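# Inside the fold
Spelled out from the first residue to the last, the chains are:
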Amino acid sequence: MSENTLAEIHELETIFTTDEGVVKAVDKVSFSLEKGRTVGVVGESGSGKSVTSLSLMRLIPNPPGRIVGGRLMYHSRTKGLVDLTKVSEHEMREFRGNEIAMIFQEPMTSLNPVFTCGDQVMEALILHEKMNKKQARARTLELFVEVELPRPENIIESYPHQLSGGQKQRVMIAMAMSCNPRILIADEPTTALDVTVQATILDLMRKLRDSHDMGIIFITHDLGVIAEIADHVVVMYKGKIVEQGSVWEIFSNPQHPYTKGLLACRPPLHHRLKLLPTISDFMEETDSGEMIELKKSVD
Amino acid sequence: MSEMAPARSYTQIVATQFSRNKLAVFSVHIIYVLLFVFIFADFLANDKPIVMHLKGNTYFPVFREYGVNWFGLNWQDEFKSQQFKILEDDYEAGDWAIYPPIPYSPNEYNLQVKLQPPSMAHPFGTDELGRDVLSQMIHGARVSLLVGFVAVAIYVFIGVILGALAGFYGGFMDIVIQRLIEIMITFPRMFLIITIVAVMETQSIINIMVILGLTGWTGVARFTRAEFLKVKNEDYVVAAKALGYKDFRTIFRHVLPNTLTPVLVTATFGVAAAILIESGLSFLGFGAPPEQATWGSLLSSARDMLPTGWWLTTFPGLAIFITVTVYNLVGEGLRDALDPRLKQ
């Protein structure tokens, strides 16, 4: 592991036991994350993107889920190099929030409706940073300024339902940033927002990443967003990584049929299609699980 | 968004919704009256004066009574083995006493006025021993309301904790708690209570409250469990876990406040049900000890007098009816106010 590596996911396997049998949600997934860099994880719904990130947080609901294999090597601030699959729940709790933080897809539901935004950010500060109420409030206002929220004194007293989606996501980011995490996991943070707000949130995340030297794991199914923010791209399909590489390689020279299909599915800007293509128009999966590229032009 | 509306919390929204239901608001006011009676019963119906001026000294016998009953004080020598009303006979010039509005104790009997129909002196009449019915009802209200509140408090406490654990952790814990709930439900509650009371050595109102509390938690536990199942996968709960909060904090600070509304409604209905059960038990003679007047025991002792003394059953019966009804109306009002679908 090099100096700058924050985390290395190695052959991670996570399964879910259901009534119909065992589902391998994450199957031998490996990638690494470096300081100040963003890894983008793309894939369709159910491809295992979120489960990968929840595994890293050890937040897989158990039962039915369980991490059964692989290593999650993490370079922690306090304890040096640890394997997150091996640490105790107590130690893991120390890492959560303090070192690895997370933001979610639905800003509408990721803030608790019964507390004010200020209370929720302050709670994290009081618990993790051992601040008193007054310090926490001052720090919360600073954080709100840092995430570019307008009128922080107002927002600190507001309930989540009084804010717009973009504002809520900023509060959420402030909450995640409150304890200076080294890794920020963003699970589709911009999916529920409209495009202009998306752009400003991405901009903010990039700024925070650079100023705090964090690593970001950015999960999305939006290739436009990936191109915008990621340095390294991991393409997942059915729990497996089908291809990974730098954002430049993936977009200019995709190797795997699935990646090619995914890229080809983007609707063209300059003419209208009668029917939007799907991945199955470009790729066929054989019974043995092998994927074959179909040559087809979109008209 | 240029101007931000003043922060309106969920509670305020619900309060506004609730205030639109006139019947429920009226019921809340009746509950205030009942609470007033509950707190100031000794000042409303008592055979001791509130203030008394006797031979140049001023006394506060009702307050002194609290001291005697609770803090081990003694009555002043002048009043020992004396009834206050007898003292009146040797009042001198300048002596006076202010009595409560109903100057009778619930257990003060006077055979000269037995079985009197309602009159100015006894607004709700007297029973076969000449005791004032209104005074008995005022003191009985204490027992009835106390039973309602304490029993519900006990079972909400048990039910919320068990329901929360079952819903939050699921798995084995859930199975054990659910089976426990089912076992509790299979017992007919009234018979279970009567059996336990019968086995108890002493009859006391505290026993009744505890038994009602220990047998009534199943509904609350099920509601809480169902709400936890719904809320525990919300993003903000995962977010709380992702911030490294302990389970205790996540359960009781982040999930619980979002699950309490149906519990609040059941609790309100529960108060009404507990009052009714206590009345039923007292009526059957299993409830409060005989010297303690409750609405149910008033009804019970009045049963034999039914042809002659209609006032003995009518007023306590009405009191039970009104109390149970207002609690149910408040519960209904709350349920409607908390229902997001009814929001305009």
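What you see is a predicted model, and the numbers here were worked out from it, not measured in a lab.

What counts as what
Residues numbered from 1 in each chain as written. Chains lettered and ligands numbered in written order. Predicted model: local features only at pLDDT ≥ 70, side-chain atom pairs only at ≥ 80, totals over all residues. Heavy atoms only, no water. Helix = DSSP H or I, 4+ residues; strand = E, 2+ residues; numbered from the N terminus. Buried < 20%, exposed > 50% of the residue type's maximum accessible area, 1.4 Å probe, protein only. Contact = heavy atoms within 4.5 Å. Phe/Tyr/Trp six-rings, centres within 6.5 Å; stacked < 30°, edge-to-face > 60°. Lys NZ or Arg CZ within 6 Å of the ring centre and 35° of its normal. Pairing = 2+ DSSP bridges. Axes fitted to C-alpha atoms, helices over the stretch in contact; angles between N-to-C directions. Buried area = accessible area lost by both parts, 1.4 Å probe. Salt bridge = Lys/Arg side-chain N within 4 Å of Asp/Glu carboxyl O. Polar contact = N/O pair within 3.5 Å; in protein donor to acceptor, adjacent residues only side chain to side chain. Patch = residues over 30% accessible without salt bridge, like charges linked within 9 Å, V, L, I, M, F, W, Y side chains within 5 Å. Areas by Shrake-Rupley, 256 points an atom, 1.4 Å probe, with all protein chains shown as cover. Lys, Arg positive; Asp, Glu negative; His and termini not counted. Charge placed at Lys NZ, Arg CZ, Asp CG, Glu CD. Domains from an automatic or database assignment. Core = buried A, V, L, I, M, F, W, Y, C linked by side-chain atoms within 4.5 Å.

### A short note on the overall build of chain B
A count of helices and strands for chain B gives 14 helices and three strands. C-alpha atoms of chain B, sized along the principal axes, occupy 80 × 60 × 40 Å. Taken across its 344 residues, chain B has 48% of its residues classed as buried. Sequence separation of at least 24 residues holds for 68% of the intrachain contacts in chain B that already meet a minimum separation of 6.

### A few points about the packing of aromatic side chains
How two aromatic rings sit relative to each other is set out by the distance from centre to centre and by the angle between their planes. Residues and elements named next belong to chain B. For the structure on display, the rule yields 13 aromatic pairs over all chains. Summarising the aromatic geometry, the rings of Phe-168 and Tyr-169 are spaced 5.2 Å apart at their centres and angled 85 degrees between planes, so their arrangement reads as edge-to-face. By relative accessible area, which is 35% here, Tyr-169 ends up partly exposed. Among the aromatic side chains, those forming a connected cluster through ring pairs are Phe-36, Phe-40, Phe-43, Phe-60, Phe-63 and Tyr-66. Here Arg-249 stacks its cationic end above the ring of Tyr-245, 6.0 Å away from the centre of that ring.

### Digging into the sheet that holds strand β4 (residues 65–76) of chain A
All names here are of chain A. Pairing is antiparallel across the open sheet formed by four strands, whose spatial order is β2-β1-β4-β5. Strands with a single pairing partner mark the edges of an open sheet, and in this sheet they are β2 (21–34) and β5 (80–83). Each adjacent strand pair in this sheet contributes to an overall mean axis angle of 5 degrees, direction not counted. Relative to β2, strand β1 (residues 5–18) runs antiparallel, the two being bridged by ten bridges. Opposite Glu-8, over in β2, you have Ser-32 as the bridge partner.

### Overview of the pairing of strand β10 (residues 240–246) of chain A
Working note: regular strand, side chains alternate between the two faces of the sheet. All names here are of chain A. As paired strands, strand β9 (residues 232–237) and β10 are joined by six bridges and run antiparallel to one another. In the strand pairing of β10, Val-235 is matched with Glu-243. Hairpin connection of β9 to β10: two residues between the antiparallel strands, including Lys-238 at a positive phi of 50 degrees.

### Thoughts on the interface of chain A and chain B
The partner chain B presents 24 residues to the 33 residues of chain A that form the contact. Counting each side, the surface lost to burial between chain A and chain B is near 2500 Å², with a carbon and sulfur contribution of 61%. For Arg253(B), the salt bridge goes to Glu123(A), with nearest N and O atoms at 3.0 Å. Summed over the shared surface of chain A and chain B, the number is ten residue pairs in polar contact (both at pLDDT 80 or more). Those elements giving two or more residues to the side of chain A that touches chain B turn out to be α1 (49–57), β6 (100–103), α3 (117–128), α5 (152–155) and α6 (165–177) of chain A.

### Here we look at a negative patch on the surface
On the surface, Glu88(B), Asp89(B), Asp90(B) and Glu92(B) cluster together to form a negatively charged patch. Here Asp90(B) lies in the loop between α4 (84–87) and β3 (96–98).

### Observations regarding the domain arrangement of chain A
Per the domain assignment, the segments of chain A are domain 1 (1–99 + 185–253), domain 2 (109–180) and domain 3 (255–299). Inter-centroid distance (C-alpha atoms) of domain 2 of chain A to domain 3 of chain A is 43 Å.

### Things to note about the environment of Arg335(B)
Residue position: Arg335(B) is located in helix α14 (residues 310–338). In this structure, the C-alpha to C-alpha distance between Arg335(B) and Leu264(B), residues 71 residues apart in sequence, is 8.6 Å.

### Quick look at the nonpolar core
Counting residues in each nonpolar core, the largest one holds 76 residues, and the members touching the most others are Leu84(A), Phe144(A), Val171(A), Ile173(A), Ile185(A) and Met205(A). Tallying contributions element by element places α6(A) first for this core, with seven residues. Inspection of this core shows a minimum of three residues originating in each of domain 1 (1–99 + 185–253) and domain 2 (109–180) of chain A. Sequence-distant contacts of Ile173(A), defined by excluding residues within four places in its chain, comprise Ile103(A), Val147(A), Ile201(A), Leu204(A), Met205(A) and Leu208(A). Counting 61 residues, the second-largest nonpolar core is a separate cluster that includes Ile102(B), Tyr155(B), Val156(B) and Ala166(B).

### Thoughts on the environment of Phe251(A)
Residue and element names in this part refer to chain A. Its location among the elements puts Phe-251 in helix α9 (residues 247–252). With relative accessibility at 23%, the residue Phe-251 sits in the partly exposed group. Taking C-alpha positions, Phe-251 is 24 Å from Lys-28, a pair spaced 223 residues apart along the chain. When residues no more than four places from it in sequence are discounted, the contact partners of Phe-251 are Leu-223, Ile-226, Ala-227, Leu-263 and Arg-266.

### Some points on the sheet that holds strand β2 (residues 57–59) of chain B
All names here are of chain B. Spatially, β2-β1-β3 is the arrangement adopted by the three strands of the open sheet, whose pairing is antiparallel. Bordering the open sheet on either side are β2 and β3, each of which pairs with just one other strand. Across the sheet, the axes of successive neighbouring strands diverge by a mean angle of 15 degrees, strand direction being ignored. By the bridge criterion, three bridges tie strand β1 (residues 51–54) to β3 in an arrangement that is antiparallel. Its bridge partner lying in β3, His-53 is registered against Trp-96.

### Some thoughts on α1(A)
All names here are of chain A. Judged by how many residues are buried, α1 sits mostly within the fold: eight of nine residues are covered. Of the residues making up α1, those classed as buried are Lys-49, Val-51, Thr-52, Ser-53, Leu-54, Ser-55, Leu-56 and Met-57. Within two residues after α1, Arg-58 carries a phi angle of roughly 55 degrees, on the positive side.

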